[in-house]
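For reference, the chains in residue letters:
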Amino acid sequence: MVTAYVMIKANTGQADRLRAEIAGIDGVEDAHIVAGDVDIIAKVLVDTPGEVKNIAATAIQDVDGVEDTHTYIAMD
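Residues numbered from 1 in each chain as written. Predicted model: local features only at pLDDT ≥ 70, side-chain atom pairs only at ≥ 80, totals over all residues. Heavy atoms only, no water.

Q: Help me understand the UniProt feature "domain: Transcription regulator AsnC/Lrp ligand binding" (unreviewed entry) in the protein chain, please; the structure alone is not making it clear to me.
A: Listed under "domain: Transcription regulator AsnC/Lrp ligand binding" (unreviewed entry) in the UniProt record, and renumbered for this structure, are residues 6-75. Measuring from the first to the last C-alpha atom of residues 6-75 gives 14 Å, for a span that is 30% helix and 37% strand. (UniProt positions renumbered as here; feature names shortened; annotations may be inferred. Helix = DSSP H or I, 4+ residues; strand = E, 2+ residues; numbered from the N terminus.)

This is the structure:
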């Protein structure tokens, strides 16, 4: 299994809606609104790095209101 964390910057006032929508994407294990430089952190749990790419670069990026993302793949 591949675990990744996607840091998501949301448009102003969109965090609650985005969190709910992102949490519903297949492969997203959890999504939390956080304080700091990003607005949401999503935990992705899938079988391959390619699936991480599909979720982060396609599914999450395509959600209306997502400004930017950064993806980190866990090494342990």
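Q: What am I meant to see in the environment of Val 6 here?
A: Tracing the backbone shows Val 6 in strand E1 (residues 2-10). Here the alpha-carbon distance between Val 6 and Asp 26, two residues 20 residues apart in the chain, equals 14 Å. Val 6 has contacts with Ile 40, Ile 41, Ala 42, Val 44, Ala 56, Ile 60, Thr 69, His 70 and Thr 71, leaving out every residue within four places of it along the chain. (Contact = heavy atoms within 4.5 Å.)

Q: Quick question: what am I supposed to make of the environment of Asn 11 here?
A: You can see Asn 11 is positioned in the loop between E1 and helix H1 (15-23). Along the backbone, Asn 11 and Glu 67 are 56 residues apart, and their C-alpha atoms lie at a distance of 6.0 Å. Apart from residues lying up to four places away in sequence, Asn 11 is in contact with Gly 65 and Glu 67.

Q: I'm lost on H1 in this one. Help?
A: In an α-helix, one turn spans 3.6 residues, which is why side chains three or four residues apart end up on the same side. Taken together, the buried positions of H1 are occupied by Ala 15, Leu 18 and Ile 22. Burial along H1 is one-sided: seen end-on, the buried residues are contained in an arc of 65°. The elements touched by buried residues of H1 are E1, strand E2 (28-33), strand E3 (40-46), helix H2 (49-60) and strand E4 (66-73). (Buried < 20%, exposed > 50% of the residue type's maximum accessible area, 1.4 Å probe, protein only. Arc of directions from axis to C-beta.)

Q: Looking at this structure, I do not really get the side chain of Thr 69. What am I missing?
A: Structurally, Thr 69 is set in strand E4. Of note is the side chain of Thr 69, whose polar atom sits 2.5 Å from the side chain of Gln 61. Sequence-distant contacts of Thr 69, that is, excluding residues within four places in its chain, are made with Val 6, Met 7, Ile 8, Ala 56, Ile 60 and Gln 61. (Polar contact = N/O pair within 3.5 Å; in protein donor to acceptor, adjacent residues only side chain to side chain.)

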